[in-house]
Amino acid sequence: MIKPYQVINCDFHDVLEVAAMQRQTIVLDYVAADGVQKEIKSQIVDVFAQAGADYLRLIDGELIRLDQIVAIDGLRLDRFPREV
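Below is a summary of the structure that appears in this document. (Residues numbered from 1 in each chain as written. Predicted model: local features only at pLDDT ≥ 70, side-chain atom pairs only at ≥ 80, totals over all residues. Heavy atoms only, no water.)

1. Considerations on the pairing of strand β2 (residues 37-50)
In this sheet, β2 lies alongside strand β1 (residues 25-31) in antiparallel orientation, the contact comprising 7 bridges. Bridging across to β2, V27 finds its partner in K41. Between β1 and β2, which pair antiparallel one after the other, the connecting turn spans 5 residues, and G35 there sits at a positive phi close to 85°. As paired strands, β2 and strand β3 (residues 53-58) are joined by 6 bridges and run antiparallel to one another. From the neighbouring strand, Q50 faces β3, where its bridge partner is A53. Between β2 and the antiparallel strand that follows it, β3, lie 2 residues; A51 among them carries a positive phi value of about 50°. (Pairing = 2+ DSSP bridges. Helix = DSSP H or I, 4+ residues; strand = E, 2+ residues; numbered from the N terminus.)

As structure tokens, then:
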């Protein structure tokens, strides 16, 4: 079952947008739909909102919901306070 979307910290969101604008190759840790934490090396090509949640699109077309991200290049989402 998919949990309701939780808004992420704006500063962390900005980190993702900068990586997308600069087409940086990043290491992304996230929790996949099956609940397993994964690590991939890729490029973010877009950060966008759709159907009440925020997503990023990787260069291979994969979509990842922002609240499923654990870290980008070792910078952990849980180091940023949750938005209310």
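2. Points about the packing of aromatic side chains
Counting across every chain of the model gives 2 aromatic pairs. Ring centres of F12 and F80 lie 5.4 Å apart, and the angle between their planes is 65°; on these two criteria the pair is classed as edge-to-face. Here F12, found in helix α1 (residues 10-22), pairs with F80, found in the segment after β6 (75-76); they are 68 residues apart in sequence, far enough to count as distant. With 5.8 Å between their ring centres and 25° between their planes, F48 and Y55 make a pair best called stacked. (Phe/Tyr/Trp six-rings, centres within 6.5 Å; stacked < 30°, edge-to-face > 60°.)

3. A few points about the sheet that holds strand β5 (residues 69-72)
Taken together, the 6 strands give an open sheet; going across it, the order is β4-β3-β2-β1-β5-β6, and neighbouring strands pair in antiparallel fashion. Each of the sheet's edge strands pairs with one partner strand only, and the pair in question is β4 (63-65) and β6. Strands β1, β2, β3, β5 and β6 of the sheet are contacted by α1, whose axis makes an angle of about 95° with β2. (Contact = heavy atoms within 4.5 Å. Axes fitted to C-alpha atoms, helices over the stretch in contact; angles between N-to-C directions.)

4. Looking at the environment of Q6
Along the chain, Q6 turns up in the segment before α1. With relative accessibility at 43%, the residue Q6 sits in the partly exposed group. Remark: the alpha-carbon pair of Q6 and R82, spanning 76 residues in sequence, is separated by 8.5 Å. Look past the residues within four positions of Q6 in its chain and what remains in contact with it is D67 and R82. (Buried < 20%, exposed > 50% of the residue type's maximum accessible area, 1.4 Å probe, protein only.)

5. Examining the nonpolar core
With 22 residues, the main nonpolar core has L16, L28, I44, L56, L66, I69 and I72 as its most contacted residues. At the level of elements, α1, β1, β2, β3 and β5 are the ones that each hand at least two residues to this core. Sequence-distant contacts of I44, that is, excluding residues within four places in its chain, are made with L16, A19, A20, R23, Q24, I26, L56, R57, L58 and I72. (Core = buried A, V, L, I, M, F, W, Y, C linked by side-chain atoms within 4.5 Å.)

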